[in-house]
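# An overview of the molecular structure
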Amino acid sequence: MSYSEILVHTCCGPCFAGVYPELKDKFAVSSYFYNPNIHPWSEFRLRLMTAGFAALHFGVKFFYDRNYSVKKWLEKVPATGERCIACVGMRLKKTAEFAKERNFGFFTTTLLVSPYQKHDEIKKIGFELAKKFGIEFYYEDFRKNYSDSIKISKELFLYRQKYCGCIFSEEEAARQREMPRRAR
């Protein structure tokens, strides 16, 4: 049986572990790590290694963008308002470009496994980019696999982060952890 190829924007290994099982029987899957939003550098390296390990474990091709620059990301993404959507848009655009250049039939993102992401916005961005670049965006609500992604990542001893990735979410998560329990 011949499968279409799909490029999966991968934010981290645990999320890839939640998406891959749904895709493996439908597509020839490849993973693409493009996340210039992740801060600090040590966190970026941990997530890159974990995403690479997950791809290796599942036997899929792994690509990553070597041009990491939080400074450039900060210049492109607003500090307030819709920064998360702008960040998702930037990363999906790069994924669509990469997929188009390498003749993938489809692209998608592991962000769709998270119950914390704005699925309607991701879906809208994905389909807009699909139209712009002439490549198909594959949408599936992978949130049903969120608990499986945690289970699989624990079984594989994958690093699991405590915040989305950017400097803003790092600060928000730290503040939440530091809040007295009564204030929550």
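To start, this report covers the structure provided alongside it. (Residues numbered from 1 in each chain as written. Predicted model: local features only at pLDDT ≥ 70, side-chain atom pairs only at ≥ 80, totals over all residues. Heavy atoms only, no water.)

### Side note on the side chain of Ser114
Within the secondary structure, Ser114 is located in the loop between strand S4 (106-109) and helix H5 (119-133). Since its relative accessible area comes to 9%, Ser114 is described here as buried. A distance of 3.0 Å separates a polar side-chain atom of Ser114 from the backbone nitrogen of Tyr116. Beyond its immediate sequence surroundings of up to four residues, Ser114 is in contact with His119, Arg143 and Tyr146. (Helix = DSSP H or I, 4+ residues; strand = E, 2+ residues; numbered from the N terminus. Buried < 20%, exposed > 50% of the residue type's maximum accessible area, 1.4 Å probe, protein only. Polar contact = N/O pair within 3.5 Å; in protein donor to acceptor, adjacent residues only side chain to side chain. Contact = heavy atoms within 4.5 Å.)

### Re the pattern of salt bridges
Scanning the entire structure with this criterion turns up 8 salt bridges. Here Glu140 and Lys26 are joined by a salt bridge, their closest N and O atoms 3.1 Å apart. Here the residue Glu140 occupies a position in the loop between strand S5 (136-137) and helix H6 (146-155), and Lys26 occupies one in the loop between helix H1 (13-23) and strand S2 (27-33), the gap between them amounting to 114 residues. Exposure remark for Glu140: the relative accessible area of 12% places this residue in the buried category. (Salt bridge = Lys/Arg side-chain N within 4 Å of Asp/Glu carboxyl O.)

### A few points about the sheet that holds S2
Read across the sheet, 5 strands follow the order S3-S2-S1-S4-S5 without closing on themselves; strand pairing throughout is parallel. Since the sheet does not close on itself, it has two edges, and those belong to strand S3 (61-64) and S5, each with one partner. Relative to S5, S4 is paired through 2 bridges, and the arrangement is parallel. Residue Phe107 lies in a different strand from S5, and its bridge partner there is Phe137. Together, strand S1 (4-9), S2, S3 and S4 form the strand contacts of helix H4 (residues 83-101), whose direction differs from that of S4 by roughly 155 degrees. (Pairing = 2+ DSSP bridges. Axes fitted to C-alpha atoms, helices over the stretch in contact; angles between N-to-C directions.)

### A closer look at H4
The terminal C-alpha atoms of H4 lie 27 Å apart, and with 19 residues this matches the ideal 27 Å at 1.5 Å per residue to within 8%. Buried residues of H4: Arg83, Ile85, Cys87, Val88, Gly89, Met90, Arg91, Leu92, Thr95, Ala96, Phe98 and Ala99, and no others. One or two positions beyond H4, positive phi appears at Asn103, with a value near 60 degrees. (Expected span 1.5 Å × (residues − 1).)

### Some thoughts on H5
In a regular helix each residue adds 1.5 Å, so 15 residues correspond to 21 Å; H5 covers 21 Å between its end C-alpha atoms and thus fits that length. Those residues of H5 that are buried are in contact with H4, S4 and S5. Two residues or fewer after H5 comes Gly134, characterised by a positive phi angle close to 70 degrees.

### Looking at a positive patch on the surface
On the surface, Lys154, Arg160, Lys162 and Arg177 cluster together to form a positively charged patch. As for its placement among the helices and strands, Lys162 is situated in the loop between H6 and helix H7 (167-178). (Patch = residues over 30% accessible without salt bridge, like charges linked within 9 Å, V, L, I, M, F, W, Y side chains within 5 Å. Areas by Shrake-Rupley, 256 points an atom, 1.4 Å probe, with all protein chains shown as cover. Lys, Arg positive; Asp, Glu negative; His and termini not counted. Charge placed at Lys NZ, Arg CZ, Asp CG, Glu CD.)

### Description of the nonpolar core
Residues Phe16, Leu23, Val29 and Phe107 are the most contacted members of the largest nonpolar core, which totals 48 residues. Elements that contribute at least two residues to this core include exactly S1, H1, S2, helix H2 (41-58), H4 and H5. Per-element tally for this core: the top contributor is H4, with 8 residues. Excluding residues within four positions of it along the chain, Phe16 makes contact with Val8, Thr10, Pro21, Val29, Ser31, Ala54, Ala55, Phe58, Val60 and Thr110. (Core = buried A, V, L, I, M, F, W, Y, C linked by side-chain atoms within 4.5 Å.)

That is the geometry; function is a separate question.
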